[in-house]
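For reference, the chains in residue letters:
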Amino acid sequence: MRIPCPHCGPRTHEEFTYYGDATVRRPSATGPDAEAAFYDYVYTRDNPCGLHRELWFHQGGCHEWLVVERDTRNHDIKGAVPARSVFSADDAT
Amino acid sequence: MSSRIAQGGAINRQQVCRFTFDGAGYSGYAGDSLASALLANDIRLVGRSFKYHRPRGILSAGSEEPNALVELRSGARREPNTRATDIELYDGLEATSQNRWPSLKFDVQAINGLFSPLFVAGFYYKTFMWPASFWEKVYEPLIRRAAGLGRAALEADPDHYEKSWAHCDVLVIGAGPAGLAAALTAARTGARVILADENFVLGGRCLAERRTIDGQPAADWAAQAIAELRSMPDVRLFPRTTVFGVFDDGVYGAVERVNDHLPVPPEFQPRQRVWRFIAKQAVLASGAIERPLVFGNNDLPGVMLAGAVRTYLNRYAVLPGRRAVVFTDNDDGWTTAADLVAAGGQVAAIVDSREPVIVSELARRFPDIQAIAGEVNGARGGRHVESVEVTSRTGTSHRIDCNLVAMSGGWSPTLHLTSHKGNRPRWDEERSIFVPDMLPTGMRVAGAANGDMTLGEALVTGFRQGLTAAASCGFSGSMPALPRVTEESARRVPLWRVRQALGKCFVDFQNDVTTDDVELAEHEGYRSIEHLKRYTTLGMATDQGKTSGVTGIALLAQRRSIPVAATGTTTFRPPYTPVAMGALAGHHRGMDFRPTRYAPSHRWASELGASFTESGPWLRAQWFPRAGETDWFEPTCREVKAVRSTVGLCDVSTLGKIDVQGPDALKFIERLYANNFATLAVGRTRYGIMLREDGFMFDDGTAARLAENRYLITTTTAHAVQVYQHMHLCHQTLWPELDVQFVSVTDQWAQFAVAGPRSRALLQRVLDPRCDLSNEAFPFMACGEVALRNGEPARLFRISFSGELAYEIAVPGHRGDALIRTLHDAGQDLGVVPYGLEALNVLRVEKGHVVGSELNGQTTAHDLGFGRMLSTQKDFIGSVLGRRANLIDPARPRLVGIKTVDRNAKLAGGMHFIPQHAQRSIEHDQGHVTSVCYSPILEQWIGLGLLTNGPDRHGEKVMVVDPLRGAETLVEICSPVFIDPEGARLRG
């Protein structure tokens, strides 16, 4: 499997460290249901058959966290973007 | 060399290669395979079969060979189960037959054949069921001895293996006519091309056939094509290279047999090299594999695939038999008859199973050969075929004497690589073959691999696919003029098995699976092809059923009266042919399995005779023995005492170090650490703990505020990488708005602990005299930039892991060796002692500091006595879930100190706490001992542990038990801080 790093180009997956679901967002620590929300954030995950947006760290390269879109059925990778662009955009909206 | 044809062949008669087989000496020529050289020397019997120990010869001329497996080389270089048909002959080659005892010609276990009812499908499950006690003692050794293949070498492999990468636009797999054609058109567009072929000569069946391309022999056309490819700078040719697997995103695994054709690889060269080819496009031109026909004793030596016979005749100039019978269900078999006659052989008869009208039409072209419309019922002979029994369609039977049977059941496309990513091939009913269907992204198929069996089709599809592959990469070119080629026909009427058979009819030669086994399995309900495979082991040998798979499927379909298409295929997985584990491992063996990291003081410590141990990726000094000290215990105790009474030196560079800078550095650190850092002044250091988001302890270390917006934080050696990664995750996904930068500087700084009552005195000798180390100027937890006596810059931290007055001094990594020597020399009269990991561990247990054994991923801050450090004023990683009721339950196992009641008793890590008078059972388990040591200060064994309600139980006596080793002793629960609980020493 090769991941198209936006900084380093397509690189082999051994250079990357997998983390997991890139769609969950850290909830507010002060909300009334903070504990339940954090429980959900830390433990509850979907297991999709098909496209999955997930976080990979380019440990053997640029040290960028990437949001990679991968098809869980066949490892086809649709693309990869720097996580900070995705998460900054979240904050903006 | 009695079977060598006087002229022709792609062999070099000037270069004689001597070799041995089962100890006897023979010779062949450069360009021979081991199989062709054996045949040239009239050796027909080369092995014994897996279950029945039946005599076996050479069936094929390629990597599909199921029978002719030999042990190659000897001693540490012995390699079992190599295919004689694949092995390139070299001078000095040693080969030994396998699975026979006492000799190949006389094998006592051939008697297994008489007991063959015992060895039918599922025999493993049926025969050796009872009594159970017989399994290990009788059956397993028996099976292992009887049903073995070759023997692996018992010594370590003395050769090297490499791993490498190569990139290209178009990868062409297979260098037969289709592959060469594809490589030519792709390369002529300017695309970067890699052409790989498993054989030691490129050319494929161009070398094996007497066909012409534009009037010249196909082999000459191939030679010209290769010469043209070789002349192009962006083309790389890989002979002796098997592309064994297709992986994600255009990654192809291949093994190049760099030096397998030499007795010993030249110095500094690998035996084999595993390649990963990264290709934008691939053209699969892997050809086809001929199917054996299924008749009685079709496994006798001398029964050979018809196409292989042509390879031996035309490529190797060997006549595999003087008097042949050709048995075929297709037109291609007739070509073999023609080639045999052309080579001076005698064809006693050609037996064609098809309608007489087809047979007589073909027979008109061969007026001198007796053609029979009928079938071969069986072969006869002892260790070699001597005759065949033939029944014609009219019902007449003949016995025909012969010493070669060339059989052809048609050709199966070699489409394995098309299905490595999970795609299944499609059954083409009209041609009775499986053909590729869905393909891996970027792959195209040309020639026989796609079912286009004739030379003309191979060239056309090759040219076309090479061009389209290059076009997909952005290169353009044009189709060359199509060459004129010899006419051929692949017409066939499949004969999956003969109607009347004499003797066992083998389907899978290597695993000794017969038609009876297939029928029995079906009869017993194993009707899925996957079940049939596992029950009969059809296709499960080292050849993975290359010659047997399709026939097995067709026989099952026939038996169940369903179409082959409904039966499906088993799954093809990498590797295509066996790949040595050594090649896959490459250089990652022994100490080279992963890089070893050496601490900056390593050379100095080695000179002092230190004993080293692996600590994660690092090699660290364990202890520094002095003359007369022979074990670990003495030096460790001496080093501990020195730190507590004079001064010790220890390399702590392996701790992770991360330099954090920026206007938001404090905000960032505040969110990472569970405790407060807002009040930390510049020039001060603070101990900090990090949690995971689930509320459990992640790591601990110190953060030193070097400047207003600059912190140097340390991590444990074990978690250095994870913490750094975690910080990036937090910054890039949680708080991208924070203006902060950080980088790991673990390798950039050498850092040494200088610990003990005389540490200040020692440092004063090493540092610039203007540097004030008094308690007032540089108190406990101070940090700052200092200068050495020679003016070089250093950093000083007044932190202590031992509980003594202590410092850590850091210099740029390359100055570490000089500094440790300076420190050691300067402190001789102060009694300075280097100490290693063992003493470091004793010192920290005595002081109650936690390390990996306590930070084990299952403990919380509360468990380890850090509960009060958790800030309630801020949000930090783990703040919410760390407050969960269950995680702050006082009844959780929590950190305590323990000392033995009997001062002579010993402790072991991992012992479990059990109340004094309770039964030693899991119900009474109250936690476990995490760290133990002999304390030379307290002169007894002490330890740390995690005990239910621990901190509330100081003074209580509890049993610690080790049921595995039958040890137990009584301990007293106490504070984890054994030495200087008030901290007077470290502030002194």
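Please refer to the structure placed before this passage.
Quick caveat: nothing in here was measured; it's all calculated off a predicted structure.

### Considerations on the overall build of chain A
Point 1. What chain A contains, in helices and strands, is 2 helices and 6 strands.
Point 2. Along its sequence from the N terminus, chain A presents helices and strands in the succession β-β-β-α-β-β-β-α.
Point 3. Within the span of chain A, comprising 93 residues, buried residues form 39% of the whole.
Point 4. Of the roughly 5000 Å² that chain A leaves accessible, carbon and sulfur atoms contribute 50%.

### Comments concerning helix α7 (residues 332-342) of chain B
Point 1. Within α7 of chain B, burial applies to Asp332, Gly333, Trp334, Thr336, Ala337, Asp339 and Leu340 of chain B.
Point 2. Looking one or two places after α7 of chain B, you find Gly344 of chain B, whose phi comes out positive at around 95°.

### Structural notes on the sheet that holds strand β6 (residues 79-83) of chain B
Residues and elements named next belong to chain B.
Point 1. One open sheet holds the 5 strands; their spatial order is β2-β1-β7-β5-β6, and the pairing between them is mixed. A strand with exactly one partner marks an edge of an open sheet, and here the two such strands are β2 (24-30) and β6. On average, each strand axis in the sheet is tilted by 40° relative to the strand beside it, whichever way the strands run.
Point 2. Here 3 bridges tie strand β5 (residues 69-72) to β6, and the two strands are oriented antiparallel to one another. Across the sheet, residue Val70 finds its bridge partner in β6, namely Thr82.

### Some remarks on the interface of chain A and chain B
Point 1. Across the boundary between the two partners, chain A contributes 30 residues, which contact 30 residues of chain B.
Point 2. When chain A packs against chain B, the two sides together hide about 2600 Å² of surface, and 56% of this comes from carbon and sulfur.
Point 3. Inspection of the region where chain A meets chain B yields 3 salt bridges.
Point 4. Between Glu693 of chain B and Arg26 of chain A there is a salt bridge, with its nearest N and O atoms 2.5 Å apart.
Point 5. Where chain A touches chain B, the interface holds 10 residue pairs in polar contact (both at pLDDT 80 or more).
Point 6. It is helix α1 (residues 34-43) of chain A that provides the largest number of residues to the side of chain A that touches chain B, a total of 7 residues.
Point 7. Here the residues of the side of chain A that touches chain B sort into 15 nonpolar, 7 polar and 8 charged.

### Details of the nonpolar core
Residues and elements named next belong to chain B.
Point 1. With 81 residues, the main nonpolar core has Leu34, Ile58, Leu93, Phe295, Tyr312, Leu340 and Val388 as its most contacted residues.
Point 2. Among the elements that take part in this core, helix α1 (residues 34-40) stands out by supplying 6 residues, more than any other.
Point 3. When residues no more than four places from it in sequence are discounted, the contact partners of Tyr312 are Ser33, Ala35, Ser36, Leu39, Ile58, Ser60, Ala61, Thr85, Met304, Ala317, Val318 and Pro320.
Point 4. In terms of nonpolar packing, the next biggest core, distinct from the first, is built from 36 residues, Leu184, Val193, Ala218 and Ile226 among them.

### Brief notes about the sheet that holds strand β18 (residues 323-328) of chain B
Residues and elements named next belong to chain B.
Point 1. Pairing is mixed in the open sheet, where 7 strands are placed in the order β17-β23-β18-β19-β20-β21-β22. Two strands bound the open sheet, and with one partner strand each, they are β17 (303-305) and β22 (397-401). The sheet shows a mean angle of 35° between the axes of neighbouring strands, taken without regard to direction.
Point 2. As judged from the 3 bridges shared by strand β19 (residues 346-352) and strand β20 (residues 371-380), these two strands associate in the parallel manner. By the bridge assignment for β20, Ile350 is matched with Ala371.
Point 3. Seen against the sheet, helix α6 (residues 306-315) touches β17 and β23 (404-408) and runs at an angle of roughly 85° to β17.
Point 4. Sheet strands in contact with helix α8 (residues 356-363) are β19 and β20, and its direction is about 100° off that of β20.

### A look at the packing of helix α19 (residues 759-766) of chain B against helix α20 (residues 816-826) of chain B
All names here are of chain B.
Point 1. Where α19 contacts α20, the axes come no closer than 9 Å and their chain directions differ by 120°. By the angle class used here, α19 and α20 are oblique. Here the hand of the crossing between α19 and α20 comes out right-handed. Of the residues in α20, those in contact with Leu762, Leu763, Arg765 and Val766 of α19 are Leu819, Thr822, Leu823 and Ala826.
Point 2. Along the lines of polarity and charge, the residues of the contact of α19 with α20 split into 6 nonpolar, 1 polar and 1 charged.

### Let's talk about the pairing of β22 of chain B
Residues and elements named next belong to chain B.
Point 1. Of the pairings in the sheet, the one linking strand β21 (residues 387-392) to β22 comprises 5 bridges and is antiparallel in character. Bridge pairing in β22 links Val390 to His398.
Point 2. Between β21 and β22, which pair antiparallel in sequence order, lie 4 residues; one of them, Gly395, sits at a positive phi of approximately 105°.

### A word on unusual backbone geometry
Residue and element names in this part refer to chain B.
Point 1. With omega at 0°, the peptide bond leading from Pro574 into Pro575 counts as cis.
Point 2. Phi angles above zero are rare outside glycine, and Asp42 is one such case at about 65°.
Point 3. Classification of Asp42 as partly exposed rests on a relative accessible area of 38%.
Point 4. Despite not being glycine, His53 shows a phi value in the positive range, around 55°.
Point 5. In this fold, His53 is placed in the loop between β3 (47-48) and β4 (55-56).
Point 6. Here His53 falls in the buried class, since its relative accessible area comes to 1%.

### Thoughts on α20 of chain B
Point 1. Those residues of α20 of chain B lying buried are Gly816, Leu819, Ile820, Leu823, His824 and Ala826 of chain B.
Point 2. As for α20 of chain B, its buried residues are in contact with α15 (602-607), β33 (647-651), β39 (749-755), α19, β42 (806-812) and β43 (832-834) of chain B.

### Structural notes on the packing of aromatic side chains
Residue and element names in this part refer to chain B.
Point 1. The final tally for this structure, using the stated rule, is 26 aromatic pairs over all chains.
Point 2. Pairing Phe238 with Trp275 gives two aromatic rings, centres 5.1 Å apart and planes at 75°, and the pair type is edge-to-face. With a gap of 37 residues between them, Phe238 in strand β12 (residues 235-238) and Trp275 in strand β15 (residues 272-284) connect regions that are remote in the sequence.
Point 3. Residue class for Phe238 comes out buried when judged on its relative accessible area of 4%.
Point 4. Overall, the relative accessible area of 5% leaves Trp275 in the buried class.
Point 5. Geometrically, the ring pair formed by Tyr673 and Phe677 is tilted, given 4.8 Å between the ring centres and 45° between the ring planes. Like Tyr673, the residue Phe677 is buried in the burial classification.

Each value, and the rule that gives it
Residues numbered from 1 in each chain as written. Chains lettered and ligands numbered in written order. Predicted model: local features only at pLDDT ≥ 70, side-chain atom pairs only at ≥ 80, totals over all residues. Heavy atoms only, no water. Helix = DSSP H or I, 4+ residues; strand = E, 2+ residues; numbered from the N terminus. Buried < 20%, exposed > 50% of the residue type's maximum accessible area, 1.4 Å probe, protein only. Areas by Shrake-Rupley, 256 points an atom, 1.4 Å probe, with all protein chains shown as cover. Pairing = 2+ DSSP bridges. Axes fitted to C-alpha atoms, helices over the stretch in contact; angles between N-to-C directions. Contact = heavy atoms within 4.5 Å. Buried area = accessible area lost by both parts, 1.4 Å probe. Salt bridge = Lys/Arg side-chain N within 4 Å of Asp/Glu carboxyl O. Polar contact = N/O pair within 3.5 Å; in protein donor to acceptor, adjacent residues only side chain to side chain. Nonpolar A, V, L, I, M, F, W, Y, C, P; charged D, E, K, R; others polar. Core = buried A, V, L, I, M, F, W, Y, C linked by side-chain atoms within 4.5 Å. Parallel < 35°, antiparallel > 145°, perpendicular 65-115°, else oblique. Left-handed = near helix turned anticlockwise from the far one by under 90°. Phe/Tyr/Trp six-rings, centres within 6.5 Å; stacked < 30°, edge-to-face > 60°.

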